[in-house]
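Geometric and topological summary
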Amino acid sequence: MKPHLQIRAVDKTFNRAGKASVEALRGIDLSIAEGEFVSIVGASGSGKSTLLRIIDGLLAPTAGSVLVDGQLVRRPGADRAMVFQQDSLLPWKTVTENVGYGLTLAHKPKEEVARIAQRFVDLTGLRGFEGHYPHQLSGGMRQRVNVARALAVDPRILLLDEPFAALDAQTREIMQTELLSIWQSTRKTVLLITHQIDEAVFLSDRVVVFSARPGQVREEVTVDLPRPRTLALKREPAFVALVDHIWKLIEAEVRAGVEQGA
Amino acid sequence: MRKIYDFLEQDTRAAGATRVLISTAFILIIWQLVSLVVTNRLLLVPPLEVATALVREFQQGAMATNAWATVTAVVSSFIVSVMIGVAIGLALASSRFLSLTGGPVLSALNSVPIIALAPLFVAWLGLGFASKFVLVLLVAVFPVVVTTEAGLRATDKPLIEAAQSFNASRWQIFTTVTFPYALPFIVSGVRVAWARALVGIVVAEFFGSFAGFGFAIMSASQTFDTARVLGYVILLGAMGLIGSVAFAALERRLAPWRLE
Ligand SMILES: Nc1ncnc2c1ncn2[C@@H]1O[C@H](COP(=O)(O)OP(=O)(O)OP(=O)(O)O)[C@@H](O)[C@H]1O
Ligand SMILES: [Mg+2]
């Protein structure tokens, strides 16, 4: 299959005036096919968010390039949408307005924005909360709004930066299955960052394991577990073995990082 | 008793009005009691006499003249200072150069007691509207400048990044993120500006005018008419209170998420 999203030899070093520079990423090469679900796992500070920002076009790489269908990424574009690690809903806008925010910025007509926003409000199970403000929602619902906002602009590539990190274990599992069903029905290319290895294995076709700083691709693990997947999969020996394998890779990295004094 | 507390803690207009009424009544009672002890009427007059003096001023038309002079000057100058303050705040927040070079000058000016320059302004601009206008402007503009700049700079980075990720233009980021975020900050600055504007107008009128609440207070105190002095002070207090309550309510409306 022809690669849809291609990351070629990306380096990123942060230079800050008067402070030591930080090498966040070194020589990242990744190819992701259309409709593929790929996760990135790695120690804290290994440059995962930085890579996602570069792919989204928010940051320029120090060296290397990102291509979508052969086109060089220079800035954010309609073909990509991002769900951020930090809370980034506009507190003075309602659920519907937040979900439609990307469309409003793209100067879509009001009725169309409302119609599309409603569709994704329904899809993410937020019906009945359309007029609520973010501070009136639970953490889980806020993350649904974040996901809905990204989906509403109909991107071909969905970039998710630890979208469920702040949620409790139960809500998290529910959100995982919902994300899977949304992915199955929309067939978007998904790149997900997570700290939960079982989440990565459960959702993905492929898990990319990052080494500690500077972030490098330590290993790409193909997950050939059958789909559609249900939560019962998490108890299968094949699943457990994969989680265990990835866990060992990361553990070695974290240990090495600690020994380096990082 | 519980029920009364529950009612008073509500965020409704009725509860707010009741709170104000109760505290007003409380002050009036204490005032009345104190004036039973302090019987020198040059020092203190009981509430009822102050009310009578106010009614008399009203009937003679002096109050209307004074109110017109004070309110036109303070309101027009206040509005202009809010506009100028927001404009300067925007300029400072959008340009690093301006904020680095202009910021220190502004904070130096802000710490000068501009009120003390009132006699000078009167000498430069004469008695009447112009000197009042300029003095009020100078005292009221700073809180608006400071809060506008701070509010615009305080905007959560993730909110801006999310807008950028949807390809928002700089103008869209300003109108949909930074300005709405700064608005409640600005209103809190406006609230302080209103209180300062009232002080400014009174002082300006002390030194140079022939009408206005400040002028009335000055001339009444020169004739030892304590009832009239207190009457006009109460009117000024009411103007301050109304402004403060209104702007606080606006602030809450604009940023309900900051309460929780
Ligand atoms: N804007 C920036 N300026 C300077 N350094 C930065 C900047 N952004 C990130 N870094 C540094 O780059 C490194 C990688 O950061 P990044 O946020 O990408 O890590 P991460 O893998 O997402 O970590 P986490 O799992 O904790 O979210 C860190 O050491 C961080 O301090
Ligand atoms: Mg991160």
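Residues numbered from 1 in each chain as written. Chains lettered and ligands numbered in written order. Predicted model: local features only at pLDDT ≥ 70, side-chain atom pairs only at ≥ 80, totals over all residues. Heavy atoms only, no water.

Moving on, we get to the overall build of chain A. Tallying secondary structure elements over chain A gives eight helices and 10 strands in all. Whereas a compact globule of 262 residues would reach a radius of gyration of roughly 18 Å, chain A reaches 18 Å, a difference of no more than 12%. Expressed along its principal axes, the backbone C-alpha trace of chain A runs to roughly 55 × 50 × 40 Å. For chain A, restricting intrachain contacts to residue pairs at least 6 apart in sequence, the fraction spanning at least 24 positions comes to 70%. Working note: accessible area of chain A is about 11700 Å², and carbon and sulfur atoms make up 51% of it. Taken together, the 33 basic and 31 acidic charged side chains of chain A have centroids lying 5 Å from each other. (Helix = DSSP H or I, 4+ residues; strand = E, 2+ residues; numbered from the N terminus. Rg over C-alpha atoms; globule rule 2.2 N^0.38 Å. Contact = heavy atoms within 4.5 Å. Areas by Shrake-Rupley, 256 points an atom, 1.4 Å probe, with all protein chains shown as cover. Lys, Arg positive; Asp, Glu negative; His and termini not counted. Charge placed at Lys NZ, Arg CZ, Asp CG, Glu CD.)

For the rest of this paragraph, the subject is the nonpolar core. In this structure, V99(A), V201(A), V207(A), V209(A), I246(A) and V177(B) are the most contacted members of the largest nonpolar core, which totals 65 residues. Per-element accounting of this core gives the leading share, seven residues, to helix α5 (residues 139–152) of chain A. Setting aside residues up to four positions removed in sequence, I246(A) forms contacts with V41(A), I197(A), V201(A), V207(A), V209(A) and V221(A). (Core = buried A, V, L, I, M, F, W, Y, C linked by side-chain atoms within 4.5 Å. Buried < 20%, exposed > 50% of the residue type's maximum accessible area, 1.4 Å probe, protein only.)

Before going further, it helps to spend a moment on the interface of chain B and chain A. Counting residues at the interface gives 18 residues for chain B and 23 residues for chain A. With both chains or domains summed, chain B and chain A bury close to 1900 Å², and 65% of this area falls on carbon and sulfur atoms. Linking chain B with chain A are one salt bridge. Residue R53(A) is joined to E161(B) by a salt bridge in which the shortest nitrogen-to-oxygen separation is 2.4 Å. Seen at the junction of chain B and chain A, the total is seven residue pairs in polar contact (both at pLDDT 80 or more). The set of elements that each furnish at least two residues to the side of chain B that touches chain A consists of α8 (157–165) and α9 (170–207) of chain B. In terms of residue count, the dominant contributor to the side of chain B that touches chain A is α8(B) (seven residues). Looking at side-chain class alone, the side of chain B that touches chain A contains 11 nonpolar, five polar and two charged residues. (Buried area = accessible area lost by both parts, 1.4 Å probe. Salt bridge = Lys/Arg side-chain N within 4 Å of Asp/Glu carboxyl O. Polar contact = N/O pair within 3.5 Å; in protein donor to acceptor, adjacent residues only side chain to side chain. Nonpolar A, V, L, I, M, F, W, Y, C, P; charged D, E, K, R; others polar.)

Ordered in space as β2-β1-β4-β5 (chain A), the four strands form an open sheet in which the pairing is antiparallel. Because the sheet does not close on itself, it has two edges, and the strands there are β2 (22–33) and β5 (71–72) of chain A. (Pairing = 2+ DSSP bridges.)

We now examine the domain arrangement of chain A. Note: interface size is frequently given as the accessible area lost on complex formation between the parts. Residue and element names in this part refer to chain A. Segmentation of chain A into domains returns domain 1 (1–79 + 157–262) and domain 2 (82–154). Computed from C-alpha coordinates alone, the two centres of domain 1 and domain 2 are separated by 24 Å. On the domain 2 side, the residues contacting the 19 residues of domain 1 number 15 residues. Remark: the boundary between domain 1 and domain 2 carries two salt bridges. The salt bridge involving R144 is made with E178; its shortest N-O contact spans 3.0 Å. Tallied by class, residues from the side of domain 1 that touches domain 2 come to 11 nonpolar, two polar and six charged. (Domains from an automatic or database assignment.)

Another aspect to go through is the sheet that holds strand β8 (residues 189–193) of chain A. All names here are of chain A. Strand order in the open sheet formed by six strands is β6-β7-β8-β3-β9-β10, and the pairing between neighbours is mixed. In this open sheet, the two edge strands, each paired with only one partner strand, are β6 (80–83) and β10 (217–222). Each adjacent strand pair in this sheet contributes to an overall mean axis angle of 15°, direction not counted. Pairing of strand β9 (residues 206–210) with β10 involves five bridges; the strand directions are antiparallel. In the sheet register, V209 faces β10, and the bridge partner there is E219. (Axes fitted to C-alpha atoms, helices over the stretch in contact; angles between N-to-C directions.)

A complete count under the given rule lists 11 aromatic pairs over all chains for this structure. Note on W92(A) and Y181(B): the rings are 6.2 Å apart at their centroids and 70° apart in plane angle, and the pair reads as edge-to-face. On the criterion of chain membership, the pair formed by W92(A) in the loop between β6 and α2 (95–99) and Y181(B) in helix α9 is interchain, its members lying in two chains. By relative accessible area, W92(A) is classed as buried at 16%. Each ring, one from F213(B) and one from Y232(B), has its centre 5.4 Å from the other, and the planes form 40°; the classification is tilted. With F213(B) in helix α10 (residues 213–222) and Y232(B) in helix α11 (residues 226–254), this residue pair connects regions lying 19 residues apart in the sequence. What makes F213(B) buried here is its relative accessible area of 3%. (Phe/Tyr/Trp six-rings, centres within 6.5 Å; stacked < 30°, edge-to-face > 60°.)

So, about a nonpolar patch on the surface. Taken together, the side chains of V112(B), L117(B), L120(B), W124(B) and L125(B) present a nonpolar region at the surface, about 460 Å² in accessible area. In this fold, W124(B) is placed in helix α6 (residues 118–125). (Patch = residues over 30% accessible without salt bridge, like charges linked within 9 Å, V, L, I, M, F, W, Y side chains within 5 Å.)

Residue and element names in this part refer to chain A. Around ligand 1, the surrounding shell holds 16 residues, and the nearest of these are S44, K48, S49, T50 and R213. G45 places a polar main-chain atom, nitrogen or oxygen, 2.9 Å from an oxygen atom of ligand 1. Within the side chain of S49, a nitrogen or oxygen atom sits 2.7 Å from an oxygen atom of ligand 1. The element best represented in the shell around ligand 1 is helix α1 (residues 48–56), accounting for three residues. (Near = heavy atom within 4 Å.)

Those donors, S49(A) (OG) and Q85(A) (OE1), are the protein atoms that reach the magnesium ion (ligand 2), and they lie 1.9 to 2.3 Å from it. Separated by 36 residues along the polypeptide, S49(A) in helix α1 and Q85(A) in the loop between β6 and α2 bring together distant segments of the chain. (Donors = N, O, S within 2.8 Å, 3.2 Å for Na, K, Ca; no water.)

All names here are of chain A. Summed over the entire model, instances satisfying the criterion amount to 21 salt bridges over all chains. Measuring nitrogen to oxygen at the nearest pair gives 3.2 Å for the salt bridge that ties R156 to E34. Remark: E34 occurs in the loop between β2 and β3 (37–41) and R156 occurs in the loop between α5 and β7 (157–161); sequence separation between them is 122 residues. Residue class for E34 comes out partly exposed when judged on its relative accessible area of 42%. With its nearest N and O atoms 2.8 Å apart, the salt bridge here joins R206 to E36. Remark: E36 occurs in the loop between β2 and β3 and R206 occurs in strand β9; sequence separation between them is 170 residues. Judged on exposure class, the residue R206 and its partner E36 are both buried. Each of E34, D69 and R156 takes part in salt bridges that share partners, so that together they form one network.

Here the focus is the side chain of D56(A). Positionally, D56(A) belongs in helix α1. The charged side chain of D56(A) is buried without a salt bridge, its nearest counter-charge being R80(A) at 4.8 Å. At 3.4 Å, the side chain of D56(A) and the side chain of S165(B) are in polar contact. What D56(A) contacts, discounting residues up to four positions off in sequence, is R75(A), P76(A), G77(A), R80(A), A81(A), M82(A), L159(A) and S165(B).

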